[in-house]
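Fold and geometry: a report
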Amino acid sequence: MTREELVNRLKALSKQVYSNMTVTPEEAIQYDELTKFPELKSVIVDLLTPEYDSFVASIDWVAPRPSTFRINLQNGQMFYLIYGKRSWVAQVEGKKYYLLNLPEEERAALSIANILRYGSKVEEGAAEGGAADLGAELPGAETETPPAETPEEIPSEA
């Protein structure tokens, strides 16, 4: 292998590696926050794998300081990523995980996996109709009772 072949091969490999690290135009259109905050993508990839797009519905920037992002999942659930002084903090179901520590990062990933297992939210129209149907079928469910009789209405025994 000559020097020029080696240089050309290194250039090709560096372009390939660099292109994998940059944000694709599809991601830029769908997730504007990933173009503004490139560190956010690496954190999401660490928590959800490179196939995060299958699970993430949208990313919202909710607070400027500390920079806080709401990650909305496809099933209607969400969690927060907060940029701290030293590292990122994931807040999942009210519990905070400091992602600088590997065990806490693993627990955060497991907690996110749990909320992904919840499934999708029931639509409100279906939930209201379903609750009305269930209430009629349940034993001990409140039914319409006639108003109590007052003493004037009770016939006296004479």
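In what follows, the accompanying structure is described. Keep in mind the model is a prediction, meaning the values are calculated, not measured.

**What about the overall build of the chain?**
A count of helices and strands for the chain gives six helices and five strands. Walking the chain from its N terminus toward its C terminus, one meets helices and strands in the order α-α-α-α-β-β-β-β-β-α-α. In the chain, the share of contacts with a sequence separation of at least 24, taken over all contacts with a separation of at least 6, comes to 31%. Roughly 12,100 Å² of accessible area belongs to the chain as shown, and the carbon and sulfur atoms make up 55% of that amount.

**Digging into the pairing of strand β1 (residues 56-63)**
Across six bridges, β1 lies against strand β2 (residues 68-73) in antiparallel orientation. Across the sheet, residue V56 finds its bridge partner in β2, namely L73.

**Re helix α5 (residues 102-117)**
For α5, which comprises 16 residues, the first-to-last C-alpha distance of 23 Å matches the rise-based estimate of 22 Å (1.5 Å per residue) to within 8%. If you check which residues of α5 are buried, you get E104, E105, A108, S111, I112 and I115. The buried residues of α5 occupy an angular sector of 120 degrees when projected down its axis, which confines them to one face. Pointing more than 90 degrees away from the buried face of α5 are the exposed residues L102, L110 and R117. Contacts made by the buried residues of α5 are with α4 (38-48), β2, β3 (78-83), β4 (88-92) and β5 (95-98).

**Here's the deal with the packing of α4 against α5**
How two helices sit against one another is set out by the angle between their axes and by the gap between those axes. Where α4 contacts α5, the two axes come as close as 8 Å, and the packing angle between them is 70 degrees. As summarised for this structure, α4 and α5 are arranged roughly perpendicular, according to the angle between their axes. On α5, the residues touching D46, L47 and L48 of α4 are E105, A108, A109, I112 and L116.

**Here we look at the sheet that holds β1**
Read from one edge to the other, the open sheet built from five strands follows the order β1-β2-β3-β4-β5, with strand pairing classed as antiparallel. Two strands bound the open sheet, and with one partner strand each, they are β1 and β5. Here the strands of the sheet are splayed against their neighbours by 25 degrees on average, with no regard to which way each runs. Strand direction decides the pairing type here: β4 and β5, joined by four bridges, are antiparallel. Following the sheet pairing, Q91 is matched in β5 by K96. Strand contacts of α4: β1, β2, β3 and β4, with the helix running at about 135 degrees to β3, the strand carrying the most contacts.

**Points about the nonpolar core**
Counting residues in each nonpolar core, the largest one holds 23 residues, and the members touching the most others are L40, I44, L47, I71, F79, L81 and L99. For this core, the secondary-structure elements that each account for two or more residues are α4, β1, β2, β3, β4 and α5. Of all the elements, α4 adds the most residues to this core, at five residues.

**Quick notes on the packing of aromatic side chains**
Enumeration over the complete set of coordinates arrives at five aromatic pairs. Geometrically, the ring pair formed by F37 and F69 is edge-to-face, given 4.9 Å between the ring centres and 70 degrees between the ring planes. Here F37, found in the loop between α3 (32-36) and α4, pairs with F69, found in strand β2; they are 32 residues apart in sequence, far enough to count as distant. Classification of F37 by relative accessible area gives buried; the value is 17%. You can call F69 buried: its relative accessible area is 0%. Ring geometry for Y83 and W88: centres 5.1 Å apart, planes at 65 degrees, overall edge-to-face. Its relative accessible area of 43% is what places Y83 among the partly exposed residues.

Calculation notes
Residues numbered from 1 in each chain as written. Predicted model: local features only at pLDDT ≥ 70, side-chain atom pairs only at ≥ 80, totals over all residues. Heavy atoms only, no water. Helix = DSSP H or I, 4+ residues; strand = E, 2+ residues; numbered from the N terminus. Contact = heavy atoms within 4.5 Å. Areas by Shrake-Rupley, 256 points an atom, 1.4 Å probe, with all protein chains shown as cover. Pairing = 2+ DSSP bridges. Expected span 1.5 Å × (residues − 1). Buried < 20%, exposed > 50% of the residue type's maximum accessible area, 1.4 Å probe, protein only. Arc of directions from axis to C-beta. Axes fitted to C-alpha atoms, helices over the stretch in contact; angles between N-to-C directions. Parallel < 35°, antiparallel > 145°, perpendicular 65-115°, else oblique. Core = buried A, V, L, I, M, F, W, Y, C linked by side-chain atoms within 4.5 Å. Phe/Tyr/Trp six-rings, centres within 6.5 Å; stacked < 30°, edge-to-face > 60°.

This is a description of form; function is not addressed.
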